[in-house]
Amino acid sequence: MARVSQSPSASPTTASGAYAERLRLPWWLWLAGLATAALVAAEVWMGGIGVRAWLPFAVLLPAAIGALVWLGRIRVAVSDGELRVDDARLPVRFVADAIPLDADGRREVLGVGADPLAFVVQRPWISGAVQVVLDDPADPTPFWVVSSRRPVELAEAILAARQATN
């Protein structure tokens, strides 16, 4: 299974079976991250003068913004006969089934008895996910688990793309 660069598409589901979603952070995590960075910068500052007055803010706030952007960078897409998750690509001809999971189902699949060979892209701030069961004898990966805000739509798009390639 080759892993190559991700398509820039971020459009919503279309009638042709294509699907795209970006796993962005919710607003409250942005607020918490920036507030934490500002608090740490204020602690370092503590009334100092000179460089110590502005350097913590000039370094920590942009670093926090960069980290928050990086955390929300993952894209999930189904197009051109492939499931794309960040830079990983899976041809849908190797998909046996796609199962939408709610929070409890995701917890069960990724819990204590989880398969260590599974490919997992999980974001804790997104409750839904899709388990993509594979049918590829050359690949030791039994399934993929991918976070999604719209797991039913993602599972339908994967299965529709698989039907279109058959």
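Cut-offs used in this document
Residues numbered from 1 in each chain as written. Predicted model: local features only at pLDDT ≥ 70, side-chain atom pairs only at ≥ 80, totals over all residues. Heavy atoms only, no water. Pairing = 2+ DSSP bridges. Helix = DSSP H or I, 4+ residues; strand = E, 2+ residues; numbered from the N terminus. Axes fitted to C-alpha atoms, helices over the stretch in contact; angles between N-to-C directions. Phe/Tyr/Trp six-rings, centres within 6.5 Å; stacked < 30°, edge-to-face > 60°. Buried < 20%, exposed > 50% of the residue type's maximum accessible area, 1.4 Å probe, protein only.

Novice: Give me the sheet that holds strand β1 (residues 19-22): which residues, what numbers.
Specialist: As summarised here, the arrangement of the four strands in space is β1-β2-β3-β4, forming an open sheet in which the pairing is antiparallel. Across the chains shown, the open sheet's two edge strands, defined by having one partner strand only, are β1 and β4 (88-91). Across this sheet, the average inter-strand angle for adjacent strands is 10 degrees, counted without regard to direction. Pairing between strand β3 (residues 82-85) and β4: four bridges, direction antiparallel.

Novice: Please set out the sheet that holds strand β7 (residues 129-134) residue by residue, giving values where relevant.
Specialist: With mixed pairing, four strands are arranged side by side in an open sheet as β5-β7-β8-β6. Each of the sheet's edge strands pairs with one partner strand only, and the pair in question is β5 (95-101) and β6 (119-121). On average, each strand axis in the sheet is inclined to that of its neighbour by 10 degrees, with strand direction left out of account. As defined by bridge partners, β6 adjoins strand β8 (residues 143-147) across three bridges and the pair is classed as parallel. Bridge assignment links V120 to a residue of β8, and that residue is V145.

Novice: Describe the packing of aromatic side chains, and please don't skip the residues or the numbers.
Specialist: Summed over the entire model, instances satisfying the criterion amount to one aromatic pair. On the numbers, 4.3 Å between centres and 45 degrees between planes, the contact of F119 with W144 is tilted. In this pair, F119 sits in strand β6 while W144 sits in strand β8, placing the two residues 25 residues apart along the sequence. Each of the two residues, F119 as well as W144, counts as buried.

Novice: Pulling in residues and values, what's your account of the pairing of β7?
Specialist: Taken across its six residues, β7 has five buried, putting it largely inside the fold. Strand direction decides the pairing type here: β5 and β7, joined by six bridges, are antiparallel. Note on β7: the bridge partner recorded for A98 is V132. Here five bridges tie β7 to β8, and the two strands are oriented antiparallel to one another. Across the sheet, V133 pairs through a bridge with F143, a residue of β8.

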